[in-house]
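Residues per chain, in single letters:
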Amino acid sequence: MTAQEFARLCVPASSKLREALLALNVSGRGVLLALHPDGRLRRTVTDGDLRRAILANINENACLDSLPELTPLTVSESASAAQVLALMDQHQIDHVPVLSAALHPVDIVSRRELTQRIWLSSPHLGIEETAFVEDAFKSNWIAPLGPHVDGFERELAEHVGSGHAAAVSSGTAAIHLGLLLLGVQAGDTVFCSSLTFVASCNPVLYCGATPVFIDAEPATWNMSPAALERALAWAAQHQRLPRCVIVVNLYGQSADMDALLPICQRYGVPVLEDAAESLGASYQGRASGTFGQVGVFSFNGNKIITTSGGGMLVSQDPALMQRARKLSTQAREPAAHYEHTQLGFNYRMSNVLAGIGRGQLRVLKQRVEQRRRVHQIYRAALADLPQVQWMPEPEGYHSTRWLSCLTLAGPNAALKCELVMRSLERHSIEARPVWKPMHLQPLYKEAAYFPHEIGGDVSAGLFHAGICLPSGSNLTDAQLQRVVDYLRRALVLAEDERALA
Ligand SMILES: *Cc1c(COP(=O)(O)O)cnc(C)c1O
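Residues numbered from 1 in each chain as written. Predicted model: local features only at pLDDT ≥ 70, side-chain atom pairs only at ≥ 80, totals over all residues. Heavy atoms only, no water.

**A word on the site of the ligand**
Cut-off, in case you're wondering: A cutoff of 4 Å decides nearness: a residue is near a molecule or strand if any of its heavy atoms lies inside that distance of it. For this analysis, a polar contact is any N or O atom pair within 3.5 Å, provided that within protein one partner can donate a hydrogen and the other can accept it, and provided that sequence-adjacent residues contribute only side-chain to side-chain pairs. For the purposes of this entry, the term helix denotes a DSSP run of H or I that reaches at least four residues, the term strand denotes a run of E that reaches at least two, and both are numbered from the N terminus. Side-chain classes follow a simple rule in which Ala, Val, Leu, Ile, Met, Phe, Trp, Tyr, Cys and Pro form the nonpolar group, Asp, Glu, Lys and Arg form the charged group, and the remainder, Gly included, forms the polar group.
Taken together, 16 residues surround the ligand, and among them G171, T172, E277, S298 and K303 come closest. Measuring from an oxygen atom of the ligand, one finds a side-chain N or O atom of N300 at 3.3 Å. The leading source of residues in the shell around the ligand is helix α8 (residues 171–181), at 3 residues. Residue composition of the shell around the ligand, grouped by class: 5 nonpolar, 8 polar and 3 charged.

Here it is in structure tokens:
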């Protein structure tokens with residue numbers, strides 16, 4: 001609902017019944033908010049209220065004031081969608097007005113939208129997945145090996161041009177194996193982007209190693225070359241060079257590899273590229289995920305394509321991927337009695353899920369286009385709001401816009417973001433803050449951190465001022481319009497100084 005549509009629902013309690021009927025007719029919402037002269041809510045007025053008034057012979061030229069007194073059922077701005085729905089169920093009503101601290105109606109929630117939740121990023125299946133899964137069933141290849149696992153590896157490696165790939169049970173498992181392949185051992189140091197999901201760095205702890213976090217740069221939201229340079233110089237000076245650097249590609253966009261890779265090369269430190277969020281993106285014409293010694297993708301349910309859960313390692317080195325497959329299947333030596341000389345894991349992808357992956361890979365290009373279109377719709381719809389800034393996509397980068405992310409300008413950005421997200425949530429629209437940086441997480445509070453500029457903190461700034469919007473490739477135009485309308489209204493309301501008081 002736009003601000004104008006909401007304004008049309010609000011009528012003075014001194015309106016005549018006939019005027020109210022006309023307003024109801026125009027709004028098409030089945031409910032009006034009758035206001036006292038001071039702007040407080042007197043009562044809600046439904047179709048049924050007006051029908052009953054006319055049947056009771058109240059003249060259509062009488063005022064809404066002549067309707068019986070009724071304490072309206074309302075919620076405050078902090079109410080959640082679940083609380084609103086509970087109130088609706090308890091009183092068998094379909095609309096609940098939202099009141100500000102000054103008891104003025106600022107919003108109205110309808111039952112229909114609460115039952116049609118809009119997700120941040122939901123799975124979007126194509127038409128070929130079921131055929132692959134059926135084939136797995138018919139051929140009885142249900143195990144964590146089989147033709148679809150091999151096929152998925154081959155097709156994904158071809159798609160990104162990585163040479164070789166190893167399919168595993170999750171992106172997290174892929175990062176764990178990737179670290180082991182690069183030789184990470186207990187007591188080592190590993191550098192990692194701070195602005196990321198926790199799965200980027202938890203495997204560092206699985207290895208008994210110590211993470212050091214590197215800030216983001218404003219131009220890409222990804223690892224800051226300046227911070228990396230300073231961190232490596234410090235590490236070299238203290239003879240604590242990291243065993244590897246985990247470079248994360250955030251929200252569908254590559255990091256600045258032309259700046260980052262030469263720095264790592266100069267210190268002889270390999271790169272593990274966490275491309276869990278950037279499958280389908282490219283940087284200077286080359287596929288994201290193919291810049292590190294090892295690259296990692298995820299097929300979790302919220303990613304751009306999904307196998308419900310799964311991950312992939314990629315590399316130009318066939319021996320490395322062969323070792324990944326071995327480590328992911330309990331590190332069995334080729335002997336009938338299962339000989340073991342190394343610690344292995346049960347990380348292999350199943351043939352059924354690989355079948356889903358093969359079907360999904362066929363629609364990846366479309367999914368990228370669809371997510372980029374979602375982003376363009378948001379941008380165009382909010383182009384006139386100067387407080388809104390979008391995650392940049394510099395020249396030479398092709399982002400998938402896996403998530404469409406904005407930041408708000410100004411000193412109260414964090415508070416404004418909270419108000420905006422709360423208001424979207426009330427209408428059952430899932431929006432989230434930008435990732436909370438790892439150096440701010442209690443789990444990693446002991447870890448060293450290198451900011452983009454000394455005394456600054458870019459990733460903390462993005463976390464406090466950023467919002468991720470619903471970005472799924474399966475969002476309908478009607479759903480996008482719903483997000484845009486509520487988002488615009490929430491953004492405008494949040495700019496109002498009184499909302500921040
Ligand atoms: C999703 C994600 C992962 C982990 O992938 P899973 O398949 O969920 O284990 C790792 N890193 C980043 C940046 C992610 O977004």
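Read on for the rest.
**Remarks on the packing of helix α7 (residues 147–160) against helix α13 (residues 351–361)**
Applied cut-off: Fitted lines through C-alpha atoms serve as axes, helices being fitted only where they are in contact, and the angles separating the N-to-C directions of these axes extend from 0 to 180 degrees. What makes a crossing left-handed is the near helix being turned counterclockwise from the far one by less than a right angle; a clockwise turn instead makes it right-handed. Residue contacts follow a heavy-atom distance rule, with two residues in contact if any of their heavy atoms lie within 4.5 Å.
At their nearest, the axes of α7 and α13 sit 8 Å apart, and the two run at 30° to each other. Like other packed secondary-structure pairs, α7 and α13 cross with a definite hand, here left-handed. Across the interface between the two elements, P147, H148, V149, G151, F152, R154, E155, L156 and H159 from α7 touch N351, A354, G355, G357, R358 and L361 from α13. Along the lines of polarity and charge, the residues of the contact of α7 with α13 split into 6 nonpolar, 6 polar and 3 charged.

**Focus: the sheet that holds strand β16 (residues 388–390)**
Sheet strands associate in pairs through backbone hydrogen bonding, adopting either a parallel or an antiparallel arrangement. The cut-off we apply is this: A pair of strands is labelled paired if DSSP reports no fewer than 2 bridges between them.
What the 4 strands build is an open sheet, ordered β16-β18-β21-β19; its pairing is antiparallel. Of all strands in the sheet, those bounded by a partner on one side alone are β16 and β19 (432–433). Relative to strand β21 (residues 466–469), strand β18 (residues 404–408) is paired through 4 bridges, and the arrangement is antiparallel. Paired with C405 across the two strands is C468, which belongs to β21. In this fold helix α15 (residues 413–426) packs onto β18, β19 and β21, with an angle of close to 25° to the strand it touches most, β21.

**Some thoughts on the pattern of salt bridges**
Rule in force here: Here a salt bridge means any side-chain nitrogen of Lys or Arg lying within 4 Å of a carboxyl oxygen belonging to Asp or Glu. The buried label goes to any residue with under 20% of its type's maximum accessible area, the exposed label to any with over 50%, and the partly exposed label to all in between, with areas taken from a 1.4 Å probe on protein chains only.
Within the structure shown, the criterion is met by 26 salt bridges. Here R426 ties to D107 by a salt bridge, and the two come within 3.0 Å at their closest N and O atoms. With a gap of 319 residues between them, R426 in helix α15 and D107 in strand β6 (residues 105–110) connect regions that are remote in the sequence. Residue classification places R426 among the buried residues on the basis of a relative accessible area of 4%. What makes D107 buried here is its relative accessible area of 3%. A salt bridge links E430 to R432; the shortest N-O distance between them is 2.9 Å. Classification of R432 by relative accessible area gives partly exposed; the value is 44%. Through salt bridges that share partners, E128, E155, R358 and R362 make up one connected network.

**What to know about the domain arrangement of the protein chain**
Formally: Here the limits of each domain have been adopted from an automatic or database domain assignment. What counts as buried area is the accessible surface, traced by a 1.4 Å probe, that two parts surrender upon association, with contributions from both included.
Here the protein chain is partitioned into domain 1 (3–114), domain 2 (128–361) and domain 3 (364–500). Placing the centre of domain 2 and that of domain 3 at their C-alpha centroids yields a distance of 26 Å. The interface is formed by 46 residues belonging to domain 2 together with 42 residues belonging to domain 3. Summed over both sides, the interface of domain 2 with domain 3 buries roughly 3900 Å², with 65% coming from carbon and sulfur. If you sort the residues of domain 2 by the area they bury against domain 3, W221, Y251 and I304 come out on top, with a joint share of 23%. Across the domain 2-domain 3 interface, the total number found is 0 salt bridges.

**Quick notes on the nonpolar core**
Cut-off, in case you're wondering: Grouping buried Ala, Val, Leu, Ile, Met, Phe, Trp, Tyr and Cys residues that are joined through side-chain atoms within 4.5 Å yields what is termed a nonpolar core.
By size, the foremost hydrophobic cluster in this structure holds 68 residues, and its most contacted members are L179, Y251 and L313. Sort the elements by how many residues they give to this core and α8 lands first, with 6 residues. Residues L419, V420, M421 and L491 belong to the second largest nonpolar core, which totals 38 residues.

**A look at the sheet that holds strand β13 (residues 286–287)**
Strand order in this open sheet of 3 strands is β13-β12-β17, and the pairing throughout is antiparallel. Each having just a single partner strand, β13 and β17 (397–398) make up the two edges of the open sheet. Across 2 bridges, strand β12 (residues 282–283) lies against β13 in antiparallel orientation. Looking at β13, one finds that S282 is bridged to A287.

**Considerations on the side chain of T290**
Mapping T290 onto the fold places it in the loop between β13 and β14 (294–298). A polar contact is formed between the side chain of T290 and the backbone oxygen of A287, at a distance of 2.6 Å. In this view, T290 contacts V160, G161, S162 and E273; residues no more than four positions away in its chain are not counted.

**Comments concerning the side chain of R489**
Here R489 lies in helix α17 (residues 477–495). Residues contacting R489, with those up to four places away along its chain left out, are M1, T2, A3, F6, V106 and D107.

**A look at α7**
As a reminder of what qualifies: Helix span, expected: 1.5 Å multiplied by one less than the number of residues in the helix.
Taking 1.5 Å of rise per residue, the 14 residues of α7 would be expected to cover 20 Å, and the 20 Å separating its terminal C-alpha atoms lies within 8% of that figure. Of the residues making up α7, those classed as buried are H148, V149, G151, F152, E153, E155, L156, A157 and V160.

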